[in-house]
Amino acid sequence: MNASELSRLMHFVARHMIASEAQLTDLDRATGDGDHGTGMQRGFSAVEILLTQEPGDDIGILLTDIGSKLMSSMGGASGAIFGTLFRAGGKSLSGEQVLTTPLLARFLRSGLEAVSQRGGARPGDKTMVDALVAAADAAQLLISEPLYDALPKIAQAARSGSEQTRQMVAKFGRARALGERAIGHLDPGAVSMSLILMFMAEGIKRQEE
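In short, a report on the structure.

Analysis parameters
Residues numbered from 1 in each chain as written. Predicted model: local features only at pLDDT ≥ 70, side-chain atom pairs only at ≥ 80, totals over all residues. Heavy atoms only, no water. Helix = DSSP H or I, 4+ residues; strand = E, 2+ residues; numbered from the N terminus. Buried < 20%, exposed > 50% of the residue type's maximum accessible area, 1.4 Å probe, protein only. Contact = heavy atoms within 4.5 Å. Areas by Shrake-Rupley, 256 points an atom, 1.4 Å probe, with all protein chains shown as cover. Lys, Arg positive; Asp, Glu negative; His and termini not counted. Charge placed at Lys NZ, Arg CZ, Asp CG, Glu CD. Expected span 1.5 Å × (residues − 1). Arc of directions from axis to C-beta.

### Considerations on the overall build of the protein
The helix and strand inventory of the protein stands at 9 helices and 0 strands. The helix and strand sequence of the protein, counted from the amino end, reads α-α-α-α-α-α-α-α-α. For the protein, the C-alpha atoms occupy an extent of roughly 45 × 35 × 30 Å along the three principal directions. Buried residues in the protein amount to 53% of all 209 residues. When contacts within the protein are restricted to residue pairs at least 6 apart in sequence, those whose partners lie at least 24 apart make up 68%. Here the protein displays about 9,300 Å² of accessible surface, and carbon together with sulfur accounts for 49% of that area. Across the protein, 21 positive and 24 negative side-chain charges occur, with their mean positions spaced 6 Å apart.

If you want it as structure tokens, here you go:
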């Protein structure tokens, strides 16, 4: 997948993340401030505008620019975290021109390391890291598969990771104050992480058809 194809794919992701605002807002109302959905909507609306520009050949620059746009437009902890994911992941692909499964694995692993360093979250803390680490681990196991085949499996791993947050006690954010009352609720950041990858998988399938 070259930079132009990746740009179209991420435009597809942005549109669907914007449309997911109500779902994410409802999730965040249960345990947080209720603003996660509007933050993601704001961030991906800015990304959608960014992607109307013709990209260069470097997929690393494209992903880094997406991260910068998320960071500058979303605000709050989610903006910092999702912006960091794309910026760090993108920088790890600097100079690359074709996205493959091994490069997606590198993007996810580099993004995970940067997110963990920035916020301190670890697996089991009921954050987007629970979905991200599941996706990164799956991608590493699937590096020999074509991206078209690997992405749906990576997305499913992320979804499973997000579902596991339902049984966790939150260690960060406003949900932390709920203690065990947070059990039974999904973490909205983890759901957002899984949705991004799910929409990537749906988008690449449409491009291949």
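Back to the text.
### A short note on helix 8 (residues 147–164)
Under the 1.5 Å per step criterion, the end-to-end length of helix 8 is 25 Å for 18 residues, consistent within 8% with the ideal 26 Å. Inspection of helix 8 places Leu-147, Ala-150, Leu-151, Ile-154, Ala-155, Ala-157, Ala-158, Gly-161 and Ser-162 among the buried residues, and these make up the whole buried set. In a view along the axis of helix 8, the buried residues occupy a sector of 160°, so they form one face of it.

### Some thoughts on helix 3 (residues 36–50)
Working note: α-helix, 3.6 residues per turn, so residues spaced by three or four point in the same direction. The terminal C-alpha atoms of helix 3 lie 21 Å apart, and with 15 residues this matches the ideal 21 Å at 1.5 Å per residue to within 8%. For helix 3, the complete set of buried residues consists of His-36, Gly-37, Gly-39, Met-40, Gly-43, Phe-44, Ala-46, Val-47 and Leu-50.

Purely geometric stuff here, so don't read any function into it on its own.
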